[in-house]
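If you want the building blocks of each chain, they are given just below.
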Amino acid sequence: MHLFMDAGQGNILAFFEIPNSPPMGRDPNTPEWVQHIAFKVENVPALLEIKARLEAAGIEVLGPTDHTIFQSIYFFDPSGHRLELAADTVTPDQLKRLDDVKWAMLDEWTRTKRAPKHAAWMHEHEFADVTVGKAS
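An account of the accompanying structure is given in this report. (Residues numbered from 1 in each chain as written. Predicted model: local features only at pLDDT ≥ 70, side-chain atom pairs only at ≥ 80, totals over all residues. Heavy atoms only, no water.)

Now for unusual backbone geometry. Here Gly63 and Pro64 are connected by a cis peptide whose omega angle stands at 15°. Structurally, the position occupied by Pro64 is in strand E4 (residues 62-66). Positive phi is not limited to glycine here, since Gln9 has a value of about 50°. Along the chain, the position of Gln9 falls in the loop between strand E1 (2-8) and strand E2 (11-16). (Helix = DSSP H or I, 4+ residues; strand = E, 2+ residues; numbered from the N terminus.)

All right, on to the sheet that holds strand E3 (residues 37-40) then. With mixed pairing, the four strands of this open sheet are ordered in space as E3-E6-E5-E4. Edge positions in the sheet fall to E3 and E4, since each of these pairs with one other strand and no more. Neighbouring strand axes in the sheet, compared pairwise and without regard to direction, differ in orientation by 25° on average. One ladder, built from four bridges, connects E3 with strand E6 (residues 82-88); its direction is parallel. Residue Ala38 lies in a different strand from E6, and its bridge partner there is Glu84. Its contacts with the sheet put helix H1 (residues 44-56) on E4, strand E5 (70-76) and E6, and the angle it makes with E5 is roughly 20°. (Pairing = 2+ DSSP bridges. Axes fitted to C-alpha atoms, helices over the stretch in contact; angles between N-to-C directions. Contact = heavy atoms within 4.5 Å.)

Three- or four-residue spacings in an α-helix give side chains the same orientation, since the helix completes a turn every 3.6 residues. For helix H2 (residues 92-112), which comprises 21 residues, the first-to-last C-alpha distance of 30 Å matches the rise-based estimate of 30 Å (1.5 Å per residue) to within 8%. Helix geometry: H2 is bent most strongly at Val101, by close to 45°. Where H2 is concerned, the buried positions are Gln94, Leu98 and Val101. (Expected span 1.5 Å × (residues − 1). Bend = angle between axes of the 7 residues up to and from the residue. Buried < 20%, exposed > 50% of the residue type's maximum accessible area, 1.4 Å probe, protein only.)

We now examine the side chain of Lys51. Residue placement: Lys51 occurs in helix H1. Given the relative accessible area of 17%, Lys51 is considered buried. When sequence neighbours within four positions are dropped, the list of residues in contact with Lys51 reads Val61, Gly63, Pro64 and Ile73.

Within the largest apolar cluster, ten residues are counted, these being Val41, Leu47, Ile50, Leu54, Val61, Ile73, Phe75, Leu83, Leu85 and Ala87. Residue assignment for this core shows that the elements contributing at least two residues are H1, E5 and E6. Discounting residues that sit within four places of it in the chain, Ala87 has contacts with Val41, Asn43, Val44, Leu47, Phe70 and Gln71. Membership of the second largest hydrophobic core comes to five residues, among which are Ile69, Leu98, Trp121 and Met122. (Core = buried A, V, L, I, M, F, W, Y, C linked by side-chain atoms within 4.5 Å.)

Time to look at the pattern of salt bridges. Applying the stated criterion to the full structure yields six salt bridges. Between Glu55 and Lys51 there is a salt bridge whose closest N-O contact spans 3.8 Å. Placement of the pair is Glu55 and Lys51 together in helix H1, with a separation of four residues, close to one helical turn. (Salt bridge = Lys/Arg side-chain N within 4 Å of Asp/Glu carboxyl O.)

With the rule as written, the count across this model stands at zero aromatic pairs. The ring centre of Phe76 lies 4.2 Å from the NZ or CZ of Arg82, which sits over that ring. Arg97 extends its terminal NZ or CZ atom over the ring of Trp121, reaching a point 4.1 Å from the ring centre. (Phe/Tyr/Trp six-rings, centres within 6.5 Å; stacked < 30°, edge-to-face > 60°. Lys NZ or Arg CZ within 6 Å of the ring centre and 35° of its normal.)

As a volume, the largest pocket reaches approximately 480 Å³. Together, 19 residues line the largest pocket, and Gly25, Arg26, Ser79, Gly80 and His81 are the ones closest to its centre. Classifying every residue of the lining of the largest pocket gives seven nonpolar, seven polar and five charged. The volume enclosed by the second largest pocket comes to roughly 220 Å³. Considering the residues around the second largest pocket, the lining is formed by 14 residues, among which Met5, Phe15, Asp77, His81 and Leu83 are closest to the centre. For the lining of the second largest pocket, the elements supplying multiple residues, two or more each, are E1 and E2. The element that contributes the greatest number of residues to the lining of the second largest pocket is E1, accounting for four residues. Taken together, the residues of the lining of the second largest pocket sort by class into nine nonpolar, two polar and three charged. (1 Å grid on protein atoms, 1.4 Å probe; cavity = no way out; pocket = protein on both sides within 12 Å on 5 of 7 lines; lining within 4 Å. Points joined across faces, edges and corners; volume = space filled by probe spheres on them. Nonpolar A, V, L, I, M, F, W, Y, C, P; charged D, E, K, R; others polar.)

So, in structure tokens, the structure goes:
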């Protein structure tokens, strides 16, 4: 079975079911969160409502995850594809800040293959709960 699904804006997703072949698997060298398809939802309340429906149907959901400019949930579809649903939370100022550094970030990544620090402000909230001066 070969399914074509309209993803909107002229985009088509194609999925295959091959019942007479060995079961497909994931690349064990690739973390589960790396390769996925992301879809935008209307807003955060809609995202949370979808999460509740998925969990009520017995589907394990990761998130919501705060990416500063959007909130996301992650889950696997019945065929094992990782999906992300995301709701924008970005402000015009944040978009401008990102737009101002996008080419410098790409250039640094191309040269070094290390995460650029130009938009580190997006991740500051991730460390807000760290106790300053705590012995390790």
